[in-house]
Amino acid sequence: MNGFLTVDGIFGNPASKTHGAGRAAADAVDSARQEIAAFLSSKPEEIIWTSGATESINLALKGAALARRDRGSHIVTSPLEHKAVLDSATWLESQGFEISYAEPDETGRITTENVLEALRPDTIVVSLMYVNNETGAVTNFASLGPKLRQHGALLHVDAVQGAARMPLDDVASEADLISISAHKMYGPKGIGVLRVRKPLGREFTSQIHGGGHQFGLRSGTLPTHQIVGMGEAARLVQQRRMADTKHVAALDNRLCTHFARIKGATLNGTADQRVPGILNVHFPGVEVESLMLALGNVAISSGSACTSADVEPSHVLLALGYEAERALSSARFSFGRFTTMDEIDHAGRLVQDTVTALRRMSQ
Ligand SMILES: Cc1ncc(COP(=O)(O)O)c(C=O)c1O
């Protein structure tokens with residue numbers, strides 16, 4: 001990335017193909033595009049760079065819904081989605097679209113049956129996440145995808161949390177639109193991708209208009225350094241996926257062993273079909289805000305990092321049917337490739353001691 005940031009390196013504008021500096025930058029963007037295309041089993045011309053998954057999701061939902069308005073005005077999503085999906089859906093509602101929310105089952109997953117139940121003849125888009133960012137619950141698209149195609153509804157998958165943790169084969173083959181974000185796959189912040197399956201391009205409208213960059217779907221000068229960083233992150237995820245998965249599963253097991261020693265601690269959401277590395281734990285009688293403050297340099301959250309400025313209970317835990325009190329006594333733990341077993345042991349012991357101390361103080 002550094003090599004694309006200064007005049008000593010490749011500093012040209014990748015859209016300026018009239019000079020060597022621009023062409024060198026364009027080549028770097030092209031090879032990153034190929035890397036991401038391979039990562040998502042797609043064609044390079046299906047990859048649209050964005051400023052991150054929030055933008056990808058906005059583009060996916062608005063781009064598909066507005067272009068298909070003549071076919072219907074109904075959209076299906078779920079109450080467990082990231083705010084980027086929920087707020088885009090709410091905006092579309094203000095523009096005359098109707099939104100239905102497929103309910104999670106008792107284990108906290110969105111099932112094919114529940115999505116099919118929410119479909120209507122005029123459903124044009126279905127948007128669901130692959131891995132839930134707060135509970136780690138995984139959605140199965142292998143059975144849903146063919147049914148949605150039959151119905152004529154487009155499928156958008158928010159694959160942000162699954163990209164570095166899970167195989168993407170089913171998502172890549174079943175989804176028409178896929179949103180991913182570099183910073184959730186060990187890459188830089190501020191860069192993401194929307195995969196727009198061809199020949200969907202014609203049924204899809206741009207949301208950022210300008211110089212007609214990126215096949216006319218998203219205008220604006222491309223940030224070469226960010227793009228190169230995301231391409232390299234994708235290459236490394238593919239190369240290290242098996243080793244990372246094994247490592248994170250071992251860390252997850254160990255953290256669960258620590259939590260099993262805490263009286264009353266239980267997992268929120270599904271225990272099966274959860275991706276290792278994301279877990280949400282209820283500590284009865286403990287305010288999560290006090291826990292977060294007392295843990296010092298162990299970084300945990302009360303919901304998704306993107307919304308943890310709010311003191312509100314997590315909308316995901318409420319949608320799973322938990323009371324606000326439980327949601328406010330629950331903490332989300334996540335870790336990955338660079339977390340060590342020593343760090344997990346340190347965090348596990350510290351959480352045990354802190355929960356005990358906080359409970360004693362509140363007696
Ligand atoms: C599931 C999910 N979707 C979307 C986003 C938004 O991604 P970005 O931060 O790239 O805008 C996040 C962010 O954490 C996320 O976890």
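A short tour of the structure in this document, coming up. Small disclaimer: the values here were computed from a predicted structure and weren't measured.

### A closer look at the side chain of glutamine 214
As for its placement among the helices and strands, glutamine 214 is situated in the loop between β7 (192-196) and α7 (224-260). If sequence neighbours within four positions are ignored, glutamine 214 has contacts with Arg33, Ile47, Ile48, Trp49 and Leu222.

### Brief notes about the nonpolar core
Core analysis: the largest hydrophobic core is formed by 50 residues, its most contacted members being Trp49, Tyr130 and Ile180. Ranked by residue count, the leading element in this core is helix α1 (residues 20-39), at 5 residues. Each of domain 1 (2-235) and domain 2 (241-361) gives at least three residues to this core. With sequence-adjacent residues up to four places away left out, tryptophan 49 is seen in contact with Val29, Ala32, Arg33, Ile36, Ile191, Gly192, Val193, Gln214, Arg218, Leu222, Ile227 and Met230.

### Quick word on the pattern of salt bridges
For the coordinates displayed, the defined rule picks out 13 salt bridges. For aspartate 176, the salt bridge is made with arginine 197, and the minimal N-O distance between the two is 3.8 Å. Of this pair, aspartate 176 sits in the loop between α6 (169-174) and β6 (177-181) while arginine 197 is found in the loop between β7 and α7, placing the two residues 21 residues apart along the sequence. Between arginine 240 and aspartate 244 there is a salt bridge, and its shortest N-O distance comes to 3.9 Å. Here arginine 240 pairs with aspartate 244, and both are found in helix α7, just 4 residues apart, close to one helical turn. Members of the salt-bridge network, linked through shared partners, are Arg68, Arg71 and Glu203.

### Examining empty space enclosed by the protein
Going through the model one piece at a time under the given rule, you end up with 2 cavities of 30 Å³ or more. Estimated volume of the largest cavity: approximately 90 Å³. Surrounding the largest cavity, Ala164, Arg165, Tyr186, Asp244, Thr245, Val248, Val275, Pro276, Phe335 and Gly336 form its lining. Here the lining of the largest cavity is composed, by residue class, of 6 nonpolar, 2 polar and 2 charged. A domain split of the lining of the largest cavity shows at least three residues from each of domain 1 (2-235) and domain 2 (241-361). Estimated volume of the second largest cavity: approximately 50 Å³. Around the second largest cavity, the lining residues are Leu80, Glu81, Gly108, Arg109, Ile110, Met129, Asn132, Ala137, Val138 and Thr139. Taken together, the residues of the lining of the second largest cavity break down into 5 nonpolar, 3 polar and 2 charged.

### Looking at the environment of asparagine 2
On the secondary structure map, asparagine 2 appears in the segment before α1. Residue asparagine 2 is classed as exposed on the basis of its relative accessible area of 64%. Taking the C-alpha atoms as reference points, asparagine 2 and alanine 25, 23 residues apart in sequence, are found 13 Å from one another.

Conventions we followed
- Residues numbered from 1 in each chain as written.
- Predicted model: local features only at pLDDT ≥ 70, side-chain atom pairs only at ≥ 80, totals over all residues.
- Heavy atoms only, no water.
- Helix = DSSP H or I, 4+ residues; strand = E, 2+ residues; numbered from the N terminus.
- Contact = heavy atoms within 4.5 Å.
- Core = buried A, V, L, I, M, F, W, Y, C linked by side-chain atoms within 4.5 Å.
- Buried < 20%, exposed > 50% of the residue type's maximum accessible area, 1.4 Å probe, protein only.
- Domains from an automatic or database assignment.
- Salt bridge = Lys/Arg side-chain N within 4 Å of Asp/Glu carboxyl O.
- 1 Å grid on protein atoms, 1.4 Å probe; cavity = no way out; pocket = protein on both sides within 12 Å on 5 of 7 lines; lining within 4 Å.
- Points joined across faces, edges and corners; volume = space filled by probe spheres on them.
- Nonpolar A, V, L, I, M, F, W, Y, C, P; charged D, E, K, R; others polar.

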